[in-house]
Amino acid sequence: MKKTISRTARQNAITYGIVLAFFAVMQPLAMTGKLSSSLSGLLIPFCYYVVLAVSLNLTVGILGELSLGHAGFMCVGAFASAFFSKCVQGTITNSLVRFLLALLIGSAFAALFGILIGIPVLRLRGDYLAIVTLAFGEIIKNLVNVLFIGRDSEGIHFSMKDSLSLHLGEGGEVLVNGPQGISGISRDSTFILGTILVLLTLFIVLRLIQSRDGRAIMAIRDNRIAAESIGINITKYKLMAFTVSAALAGAGGVLYAHNLATLTATSKNFGYNMSIMILVYVVMGGIGNIRGSVIAPVVLNLVLDYFLRKFQLMGDSPVLQFLSDNRMLIYAIVLILIMVMTWSPKMVEKRNALFGRRKESKEG
Amino acid sequence: MAILEVKNLGISFGGLRAVNEFNLTIEKGELYGLIGPNGAGKTTVFNLLTGVYRPDSGVIFLDGKDITGKRTIDISKEGIARTFQNIRLFGKLSVLDNVKAGMHNHHTYSAVAGILHTGSWRRAEREMDEKAMQLLKVFELDQEAEHLASNLPYGKQRKLEIARALATDPKLLLLDEPAAGMNPQETQALMDMIRLVRDQFDMTILLIEHDMKLVSGICEELTVLNFGEVLAQGETSTVLAEPQVITAYLGE
């Protein structure tokens, strides 16, 4: 039907428009130095948070499976691409070409891990799937921490013990140094590249959802047995959604890695804290609502940034200390409140009474 | 030639013989009824036919082809479609998308084509839209094409489930208690619709039903199951007059 296609096209255009408008406002401000240093430092994080939230929404909202290991795929993408960039730093001098190649490699590796982890994990459902993805996320992070790779005239050396057991020859350098990670990465990420990556992610996810494959994925979410009865291959489409989601998370990781001089895998950046934070973005933006996943990370971080600066002006207050120490606690409370507000029948009743009954058919 | 031929079909769950030595032959274009008291094994027969369960014994031929022990999705591709006793729609998808999901294996394009919107995507989607709207018109659902399936009233959800099953372009349509939860007027309308589906789509239909008015009204042949065994088989009027069938339903 013509009407449907044009309506979804308009909805998508609004989503792309929001991203472009945000870019159009922020980029000139950043160029002319009108942004505070903390805010301009947030521009690239905005981009990878959005990429991660949108990609996780593909798994959680569209496929309908709760994955708690999303940061693990981000970690794979970050390290694979940073390793590549570090290796070719001398040979490929054009930073754009280097970044694009790193992006391809990072996403490809993350996709590979998505397939390898997806095959066993997607046999599970619900809580069990959440627990196992959580474990895989942690495993990836911990594996990276015992990874030592060095290079000398003889070639690449590899060890899982320490940097000494690499036995590097004269003039050799350690590329990946276990817990110390990868240092001296060229900072190729820019806000422009980040915005393009966000648009690309949206393009892939939105069009996937509206294609035959997306319909199959959502059919599985809504009723697995019925989907099977009309000839939809459950395993194939679950794996497809999971892999695309992982690849895009890897792309987010590439952006993350090339925004840092030194990349390490700690529980803060690639641990379950990160996975939960991305999930908070998805839930706040609305599960299955892609546009929400674009807006939520930006709004949440802007609010956080605003309050942090407010408290900073007041001096070294205990409130600030508490806030920065217990960020995850606050996120958890927010998450619970959202769940209660959305699902509790009493709250739904109150909300309907307050705002009038919204037409349900408008959703989705 | 028979569309469906089932010989000696049987399955046990633990010590329970749920279906035993089940034989069934359905000719093309027939409206066939499968009846029996609660727990007689009717839905189990459906699950065996659609590959949800693998039979312990017996063979199933669809249009002369052996489909015994195949997977559900392969049986769907071979041409058996079904509806469910408790409605199973894709609630968060639109009515139109529910039907288009049914055409999943008939209008294909690659995922890349779907993302890049190539010619094959455009063609397939347009064909699907047209066909789906035609189907929805038959079931008087075309006005609700954009609604979410979960927002449809009960009777229309039943219709949509049949429309989705027909979208898979089956040779045999299995309806599991289509009149469950319907009032007499709705049941009457459903009977007309089932006849219409048979005539318009040249369909062969096997249905499970408890509503005797519906069964005697539209089914040409019947099989009565009781405790997993075939109690009676044959023309509707003769079968319903048989004393053991009446006993099974009403008791001594």
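Residues numbered from 1 in each chain as written. Chains lettered and ligands numbered in written order. Predicted model: local features only at pLDDT ≥ 70, side-chain atom pairs only at ≥ 80, totals over all residues. Heavy atoms only, no water.

Q: For the overall build of chain B, give the residues involved together with the corresponding values.
A: Along its length, chain B carries 10 helices and 10 strands. For 252 residues, the compact-globule estimate of 2.2 N^0.38 gives 18 Å, and the C-alpha radius of gyration of chain B, at 19 Å, lies within 12% of that figure. The 252 residues of chain B split such that 54% are buried. Contacts in chain B between residues at least 24 apart in sequence constitute 66% of all its contacts with a sequence separation of at least 6. Accessible area for chain B stands at about 10,600 Å²; split by element, carbon and sulfur atoms hold 50% of it. (Helix = DSSP H or I, 4+ residues; strand = E, 2+ residues; numbered from the N terminus. Rg over C-alpha atoms; globule rule 2.2 N^0.38 Å. Buried < 20%, exposed > 50% of the residue type's maximum accessible area, 1.4 Å probe, protein only. Contact = heavy atoms within 4.5 Å. Areas by Shrake-Rupley, 256 points an atom, 1.4 Å probe, with all protein chains shown as cover.)

Q: I'd like a description of the side chain of Ser186(A), backed by residues and values.
A: Residue and element names in this part refer to chain A. One can find Ser186 in the loop between strand E4 (182-183) and helix H7 (191-209). By relative accessible area, which is 14% here, Ser186 ends up buried. Looking at Ser186, its side chain comes within polar contact range of the side chain of Arg98, at 3.2 Å. Not counting the four nearest positions on each side in its chain, Ser186 is found in contact with Gln89, Arg98 and His258. (Polar contact = N/O pair within 3.5 Å; in protein donor to acceptor, adjacent residues only side chain to side chain.)

Q: Go over the side chain of Ser229(A), please, and point to the residues and values.
A: Within the secondary structure, Ser229(A) is located in helix H9 (residues 224-229). If sequence neighbours within four positions are ignored, Ser229(A) has contacts with Thr72(B), Ser76(B), Arg82(B) and Phe84(B).

Q: Break down the nonpolar core for me, citing the residues and quoting the values.
A: Residues Phe79(A), Leu202(A), Ile232(A), Leu263(A), Phe270(A), Met274(A) and Phe90(B) are the most contacted members of the largest nonpolar core, which totals 103 residues. Looking at this core, the element that brings in the most residues is helix H3 (residues 43-62) of chain A, giving 15 residues. Filtering out sequence-adjacent residues up to four positions away, Phe270(A) remains in contact with Ala71(A), Met74(A), Cys75(A), Ala78(A), Phe79(A), Lys141(A), Tyr256(A), Leu263(A), Thr264(A) and Ala265(A). (Core = buried A, V, L, I, M, F, W, Y, C linked by side-chain atoms within 4.5 Å.)

Q: Residue-level account of a nonpolar patch on the surface, with values.
A: Residues and elements named next belong to chain A. A surface patch of nonpolar side chains, amounting to about 570 Å² of accessible area, comprises Ile14, Ile18, Ile295, Val299, Val303, Tyr306 and Phe307. Put simply, the parts of the chain that give the nonpolar patch at least two residues each are helix H1 (2-31) and helix H12 (290-313). A per-element tally of the nonpolar patch places H12 first, with five residues. Mapped onto the fold, Phe307 is located in helix H12. (Patch = residues over 30% accessible without salt bridge, like charges linked within 9 Å, V, L, I, M, F, W, Y side chains within 5 Å. Salt bridge = Lys/Arg side-chain N within 4 Å of Asp/Glu carboxyl O.)

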